[in-house]
Amino acid sequence: MVRVGIIGFGFMGQMHWSCYAKLAENARVVAVADENIVRTKGDISGSWGNLGDGPQRVDFSGRRWHH
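Here we look at the pairing of strand 2 (residues 27-33)
Most of strand 2 is tucked away: five of the seven residues are buried. As defined by bridge partners, strand 1 (residues 2-7) adjoins strand 2 across six bridges and the pair is classed as parallel. The residue bridging Ile7 from the neighbouring strand is Ala33, located in strand 2. As defined by bridge partners, strand 2 adjoins strand 3 (residues 64-66) across three bridges and the pair is classed as parallel. Residue pairing across strands places Ala33 opposite His66, the latter belonging to strand 3.

In structure tokens:
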């Protein structure tokens, strides 16, 4: 299993999160880093691009958060 860290949890970081979630048997996000402290609570509303609304909340339990 590949352990992944995501740096930046804006639009593209969230896209990576979504893709790794689909690979749950082969990859797991273990750490996330972002300077926006609001995102540490899992509130990612308002940070999506033009590819749809995307999720409004993310469950970071079991992962390290860095800012």
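Observations regarding the nonpolar core
Residues Val4, Ile6, Phe9, Trp17, Val29, Val32, Val58, Phe60 and Trp65 constitute the largest nonpolar core, which totals nine residues. Looking at this core, the elements that each hand over two or more residues are strand 1 and strand 2. Those residues in contact with Trp17 that lie beyond four places of it in its chain are Ile6, Phe9, Val29, Val32, Val58, Asp59, Phe60 and Arg63.

What to know about the packing of aromatic side chains
Per the stated rule, a full pass over the model turns up one aromatic pair. With 5.6 Å between their ring centres and 85° between their planes, Phe9 and Trp17 make a pair best called edge-to-face.

Focus on the sheet that holds strand 1
Two strands in a sheet stick together by hydrogen bonds in their backbones, pointing the same way (parallel) or opposite ways (antiparallel). If you walk across this open sheet you meet the three strands as 1-2-3, and the pairing is parallel. The open sheet terminates on both sides in strands that have one partner only, identified here as strand 1 and strand 3. Across the sheet, the axes of successive neighbouring strands diverge by a mean angle of 30°, strand direction being ignored.

Quick notes on the side chain of Asp34
For Asp34, the location among the structural elements is in the loop between strand 2 and strand 3. Overall, Asp34 belongs to the buried group, its relative accessible area being 10%. Within the structure, Asp34 has its side chain in polar contact with the backbone nitrogen of Phe9 (distance 2.6 Å). A polar contact is formed between the side chain of Asp34 and the backbone nitrogen of Asn36, at a distance of 2.7 Å.

Observations regarding the environment of Phe60
Considering the arrangement of structural elements, one finds Phe60 in the loop between strand 2 and strand 3. Considering only alpha carbons, one finds Phe60 and Val32, 28 residues apart in sequence, at a separation of 8.7 Å.

Scoring rules and cut-offs
- Going along each chain's sequence as written, the residues are numbered from 1 onward.
- Since the coordinates come from a predicted model, pLDDT governs what is reported: local features require at least 70, and pairs of side-chain atoms require 80 or more to be given and counted, while whole-chain, interface and lining totals use all residues.
- To get the side-chain values, take all heavy atoms of the structure and skip hydrogens and water.
- When accessible area is computed with a 1.4 Å probe and restricted to protein chains, residues below 20% of their type maximum are described as buried, those above 50% as exposed, and intermediate ones as partly exposed.
- Helix and strand assignments come from DSSP, with helices taken as H or I runs of at least 4 residues and strands as E runs of at least 2, each series counted from the N terminus.
- Two strands are counted as paired when DSSP detects at least two bridges linking them.
- Among buried residues, those of type Ala, Val, Leu, Ile, Met, Phe, Trp, Tyr and Cys that are joined through side-chain atoms within 4.5 Å constitute a nonpolar core.
- Two residues qualify as a contact provided that any one of their heavy atoms is within 4.5 Å of a heavy atom in the partner residue.
- Working definition: a ring pair exists when centres of Phe, Tyr or Trp rings (six-membered ring for Trp) sit within 6.5 Å. Plane angles under 30 degrees give stacked, over 60 give edge-to-face, the rest tilted.
- To define axes, lines are fitted to C-alpha atoms, for helices over the stretch in contact only, and angles between the resulting N-to-C directions are given on a 0 to 180 degree scale.
- Pairing of N or O atoms within 3.5 Å defines a polar contact, subject to two protein rules: one partner must be a possible hydrogen donor and the other a possible acceptor, and residues neighboring in sequence count only if both atoms are side-chain atoms.

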